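Spelled out, the chains give:
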Amino acid sequence: MIERLRSNGIVVVFGVLFLGLAVASPPFFSFANAANILDQSSILLIFAATTTVCIIVGVFDLSIASVATASAILTVTAVNLLGPVLGVVAGVGFGALLGMITGLAITATGVNSFIGTLAASFTYRGLGLILASGGLVSIADQPTAETLQQITEGTYLGLKGVIWIALAVVIVIEILLAFTIFGRMVYAVGGNRRAAFLGGIRTKRVLVACYTLSGLGAGLAGVLYVSQYGSGATNAYSDTFAFTAIAATVVGGVSIFGGSGAVWRGSLGILTFALIGNGLNLLGVDTTYQLTILGLMIFLAVAADQFFRRSERM
Amino acid sequence: MSALEPVVSARKIVKSFGATRAVRGVSLDITPGAIVGLIGENGAGKSTLARVIAGVYPPDDGVVEIAGQIRHLHDPHDGLRAGVSLMAQEISLVPAATVEENVLLGSLPRRGPFLDRKAMRRRYRELAELTQFDLDPATPAARLRTADQQKVEIMRALSRDALLVVMDEPAAALTADEVEHLHHSIREMSRRGTAVLLISHFLEEVLELTSHVAVMRDGELVREGPTVDETVDSLVAAMVGRALATDYDERKEQATGPVRLQVRGLASTDVLRDVSFEVRQGEILGLAGLIGAGRSEIARCIFGADERSAGEVTVDGNAANASHPAEAIARGIFMVPESRREQGLIPAASITDNLTLSTLRKYSRGGWMDRRAMRASAARLAEEVDLRFDAVSQPVATLSGGNQQKVLFARARDVEPKVLIVDEPTRGVDIAAKRAIHARLTELAEQGVAVLFISSEIEEVLGVCSRVLVIHRGRVHGEFRAPYRQEDVIAALFGQSVSSR
């Protein structure tokens, strides 16, 4: 009973919010508004998906917003030099490379992931500054910029391209975790790293793979930014994106102790945040209250997780 | 009991956890200076009773009387103030604080608002004198070995000038000479009028040390009286509720099969020096030694979990030098590590996931997991090791200690190793589970597996193995074959020179 409440709390919260808003505000319950919410949440859905993988394996990656920013800047340069296809590949690959470097550095030195990725975050944000020579870089060729924009901003089956991409990422990562041997290793390493090592799992490789995946997702976010805006800026993604992704994952019910959870939880966490913002707007509540409400929710979610885990141990 | 008024009386204590009735109406009197042994199989309710007496858990029903007064204890702090000091199974030291600070934690001598270091050192010296424990008072607790941390716990319990000290398995992590010191301090406490309630799995210890013994079974007190009336057999019979043959199988033939595991010149940077031995097909070779002698290090080096600085390992004549457990497993070596919870199991994961942890490759269909095959294997393996469970999707954290150990054995079965290393497989499990583990090892050996068996309990090593190596200071110090003279083996444990026989 308690276990079920703990694991399904987010579904209840999301459902109640959704129904409440649908009743209280007629404009809320419309396809256009739903599409709008998804559009605003799409990048965060990607960040939350890779963050979920990191938290399940037992690490934090605070560097994703910086990696995404650096990737956005590199993507612009690469598109200008190599054309759109190779440019996009280079942008995503650059994110993965940065993630892998972070992972190798952290696993080789045994630095705590929280501090290690915090340091990486500064480093990569600085790297973005260097790549951009301190300012904004734009795609030189206007038709190329428009083609790229069509991918994310164009509408397919009623939803923007960026939404479909985000949903695809969520589904692919969920499948990776739930149905592959790699996914099983991720849960094992997060559940008990020592036991996984002695059980014959190459724990360091699994960890590096997770950091790389996290970087890959961030690289994709960088490319999507370039696609949407036709440029890469040193302030493309603030670190708030990384914090929000972690918060949403935890609010969704992924334990910060590692070893359990699923991607849909982080997704539902992000959508809950969006509903709160969207709903409060529609209801005419002062936007200045939103952050406070979000903050309290996050705290409650973590406190509930802690409480239920303690009661399990008794 | 004697004519003395009891210093602590438990009256009709009842304590349940959810649906589990851990203690069912137990009454126990403890007189001043008595040393009362509390024994029983795992899950019999000993620790729960001890914790109720010490105030960790308030009882559901019944009362605890201390020095003739009914006391309602709500936490260990209440217990301490009433005169009951608990030394728990788990070590609870402040890692960064020094030995003396940990010992006197909660009763640190002060001068005004400041710590009185001189008084602290004086008090610590008194306790060190009493216990004959030789620890540097200024060392941070985090730097101590487990056994030494336990000594700090013992000294802390003593420092409280309690009427009753409750000790839950104090000797579990100590070496033989350290146990001697522990016994000395328990007797010293008793002589000064402090009563001791001692929970122990070591029956010889209980018989030698205690004045009274209480046996629990299924939450009830089934036997209680002066220790002089008891024997190992009578206590075992009371614990299990039926008479059990306590002796190990005497039939011990030396294995004659071909050599499976060969270790030559194994060394590690810190502990091991030139370790060489071989294990034959179907043989269970015992590794005996004091804590810190290097038994576990040998196991870990062979398994690739620790780095080795020199040496060769072969399995069936093929090189099997592993620098990662994954390599060892690929070459047919598997290890069941010494601490189930910390090193063996993934507590929150299901039985299925724990069973298939080391054989994930077997269930891979091009990287995809074959869930159905995993569940089928899990069900089969669970049955083969006689696991008691509800569903294979159940988290292993919900299983008892003995059943958790079976999960690790079942995992080893799925690996189908040629060489199996088991490090302290029976620590903290009850007698029935222990016997089941011994039977399992024998069965594996009969199937041709070479087994390397490590245990701190010397009777167990000699009882299970037909050949035993004694490890001392990182070297193979002696080799013994059944039938053994136990005195010879114990002498070797302490580094006495022996003529092998």
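## Here we look at the overall build of chain B
Working step 1: Within chain B one finds 17 helices and 24 strands.
Working step 2: Here the C-alpha atoms of chain B give a radius of gyration of 24 Å, agreeing with the 23 Å that 2.2 N^0.38 yields for 501 residues.
Working step 3: Put simply, chain B has 501 residues, and 47% of those count as buried.
Working step 4: Considering only contacts within chain B whose residues lie at least 6 apart along the sequence, 66% involve residues at least 24 apart.

## Considering the overall build of chain A
Working step 1: Regarding its fold elements, chain A presents 13 helices and 4 strands.
Working step 2: The C-alpha radius of gyration of chain A comes to 20 Å, within 12% of the 20 Å expected for a compact globule of 314 residues.
Working step 3: Considering only C-alpha atoms, chain A reaches an extent of 65 × 55 × 35 Å along its principal axes.
Working step 4: Among the 314 residues that make up chain A, the fraction classed as buried is 51%.
Working step 5: Partitioning the intrachain contacts of chain A with sequence separation of at least 6 by distance along the chain shows that 79% fall at a separation of at least 24.

## Looking at the packing of helix α4 (residues 84-109) of chain A against helix α10 (residues 203-229) of chain A
Working step 1: Between α4 of chain A and α10 of chain A, the shortest axis-to-axis distance is 6 Å and the interhelical angle comes to 150°. Along this stretch, α4 of chain A crosses α10 of chain A, giving a crossing that reads as right-handed.

## What to know about the interface of chain B and chain A
Working step 1: Contact with chain B, which involves 24 residues of that partner, is made by 22 residues of chain A.
Working step 2: Within the residue set of the side of chain B that touches chain A, elements represented by two or more residues are α10 (325-330), α11 (340-344) and β20 (368-369) of chain B.

## Description of helix α2 (residues 31-57) of chain A
All names here are of chain A.
Working step 1: With 27 residues, α2 should reach 39 Å at 1.5 Å per residue; the first-to-last C-alpha distance of 37 Å fits that figure.
Working step 2: Its maximal kink placed at serine 42, α2 deviates by approximately 50°.
Working step 3: Glycine 58 sits one or two residues past α2 and shows a positive phi near 100°.

## Considerations on the pairing of strand β24 (residues 475-481) of chain B
All names here are of chain B.
Working step 1: Sheet analysis places strand β23 (residues 467-472) next to β24, joined by 6 bridges and oriented antiparallel. Opposite histidine 472, over in β24, you have arginine 475 as the bridge partner.
Working step 2: Hairpin connection between β23 and β24: a loop of 2 residues separates the two successive antiparallel strands, and arginine 473 in this loop has a positive phi of roughly 50°.

## Some points on the sheet that holds strand β22 (residues 450-454) of chain B
Residue and element names in this part refer to chain B.
Working step 1: Read from one edge of the open sheet, 6 strands run β18-β21-β22-β15-β23-β24, paired in mixed fashion. Sheet topology places β18 (333-336) and β24 at the edges, where each strand pairs with a single neighbour. Between one strand axis and the next, the sheet turns through 20° on average, direction left out of account.
Working step 2: The sheet contact formed by strand β21 (residues 419-423) and β22 spans 5 bridges and is parallel. When the bridges of β22 are listed, leucine 420 appears paired with valine 451.
Working step 3: Contacting β18 and β21, helix α14 (residues 401-415) crosses the sheet at an angle of about 175° to β18.
Working step 4: Across the sheet, helix α17 (residues 486-493) touches β15 (284-289), β23 and β24, and the angle it forms with β23 is around 30°.

## Overview of helix α7 (residues 161-179) of chain A
Working step 1: For α7 of chain A, which comprises 19 residues, the first-to-last C-alpha distance of 27 Å matches the rise-based estimate of 27 Å (1.5 Å per residue) to within 8%.
Working step 2: For α7 of chain A, the secondary structure elements touched by its buried residues are α2, α6 (142-153), β3 (159-160), α8 (181-191), α10 and α12 (263-282) of chain A.

## Quick word on the nonpolar core
Working step 1: By size, the foremost hydrophobic cluster in this structure holds 175 residues, and its most contacted members are Cys210 of chain A together with Val451 and Phe453 of chain B.
Working step 2: Residue contributions to this core peak at 16 residues, all from α10 of chain A.
Working step 3: Contacts of phenylalanine 453 of chain B, omitting those with residues within four sequence positions, involve Ile284, Leu285, Gly286, Leu287, Val422, Leu441, Val461, Val464 and Cys465 of chain B.
Working step 4: Ile35, Ala50, Phe133 and Leu144 of chain B belong to the second-largest nonpolar core, a separate cluster that totals 69 residues.

## Points about unusual backbone geometry
All names here are of chain B.
Working step 1: For the peptide bond that leads from alanine 482 to proline 483, omega is 0°, which places it in the cis range.
Working step 2: Within the secondary structure layout, proline 483 lies in the loop between β24 and α17.
Working step 3: Of note, lysine 12 is a non-glycine position whose phi angle comes to about 50°, a positive value.
Working step 4: Locating lysine 12 in the fold gives a position in strand β1 (residues 8-17).
Working step 5: Phi at aspartate 316 takes a positive value of approximately 55°, unusual for a residue other than glycine.
Working step 6: Structurally, aspartate 316 is set in the loop between β16 (310-315) and β17 (318-319).

## With respect to the environment of tyrosine 211 of chain A
Residues and elements named next belong to chain A.
Working step 1: In this structure, tyrosine 211 sits in helix α10.
Working step 2: Residues tyrosine 211 and threonine 69, spaced 142 residues apart in sequence, show a C-alpha to C-alpha distance of 17 Å.
Working step 3: In this structure tyrosine 211 touches Asp61, Gly99, Met100, Thr102 and Gly103, once residues within four positions along its chain are discounted.

## Considerations on the sheet that holds strand β10 (residues 195-199) of chain B
Residue and element names in this part refer to chain B.
Working step 1: The strand order β6-β9-β10-β3-β11-β12 describes an open sheet built from 6 strands, whose pairing is mixed. Both outer strands of the open sheet, β6 (84-87) and β12 (220-226), are each paired with one neighbouring strand and no more. Ignoring strand direction, the axes of neighbouring strands in this sheet form an average angle of 15°.
Working step 2: Sheet topology places strand β3 (residues 35-39) next to strand β11 (residues 212-217); 4 bridges connect them, and they run parallel. Across the sheet, the residue bridging to valine 36 is histidine 212, located in β11.

## A closer look at the environment of alanine 67 of chain B
Residue and element names in this part refer to chain B.
Working step 1: Within the secondary structure layout, alanine 67 lies in the loop between β4 (61-66) and β5 (69-71).
Working step 2: Judged by C-beta crowding, with 15 C-beta atoms within 10 Å, alanine 67 ranks as partly exposed.
Working step 3: Leave out the neighbours within four places in its chain, and alanine 67 touches Val7, Gly83 and Leu163.

## Looking at the confidence of the model for chain B
Working step 1: In this model, chain B carries a mean pLDDT of 86, and residues with pLDDT of at least 70 account for 94%.
Working step 2: For this predicted complex, the interface score ipTM comes out at 0.87, alongside a pTM of 0.77.

## Quick notes on the environment of valine 451 of chain B
All names here are of chain B.
Working step 1: Take valine 451: it is sitting in strand β22.
Working step 2: Under the C-beta neighbour-count criterion, valine 451 is labelled buried, with 23 such atoms within 10 Å.
Working step 3: Each C-alpha atom, one on valine 451 and one on proline 337, is 14 Å from the other, the two residues being 114 residues apart in sequence.
Working step 4: Each residue touching valine 451, except ones within four places of it in the same chain, is listed here: Ile284, Leu420, Val422, Leu441, Leu444 and Ala445.

## Digging into the packing of α6 of chain A against α10 of chain A
All names here are of chain A.
Working step 1: At a closest axis distance of 7 Å, the pairing of α6 and α10 adopts a crossing angle of 110°. As summarised for this structure, α6 and α10 are arranged roughly perpendicular, according to the angle between their axes. α6 and α10 meet at a crossing whose hand is left-handed. From α6, Leu148, Gln149, Ile151, Thr152 and Glu153 reach across to α10, where they touch Leu224, Val226, Ser227 and Gln228.
Working step 2: In terms of residue class, the contact of α6 with α10 is built from 4 nonpolar, 4 polar and 1 charged.

Rules used throughout
- Residues numbered from 1 in each chain as written.
- Chains lettered and ligands numbered in written order.
- Predicted model: local features only at pLDDT ≥ 70, side-chain atom pairs only at ≥ 80, totals over all residues.
- Helix = DSSP H or I, 4+ residues; strand = E, 2+ residues; numbered from the N terminus.
- Rg over C-alpha atoms; globule rule 2.2 N^0.38 Å.
- Buried ≥ 20, exposed ≤ 12 C-beta atoms within 10 Å, placed from the backbone.
- Contact = placed C-beta atoms within 7 Å.
- Axes fitted to C-alpha atoms, helices over the stretch in contact; angles between N-to-C directions.
- Left-handed = near helix turned anticlockwise from the far one by under 90°.
- Expected span 1.5 Å × (residues − 1).
- Bend = angle between axes of the 7 residues up to and from the residue.
- Pairing = 2+ DSSP bridges.
- Core = buried A, V, L, I, M, F, W, Y, C linked by C-beta atoms within 7 Å.
- pLDDT = per-residue confidence, 0-100.
- Parallel < 35°, antiparallel > 145°, perpendicular 65-115°, else oblique.
- Nonpolar A, V, L, I, M, F, W, Y, C, P; charged D, E, K, R; others polar.

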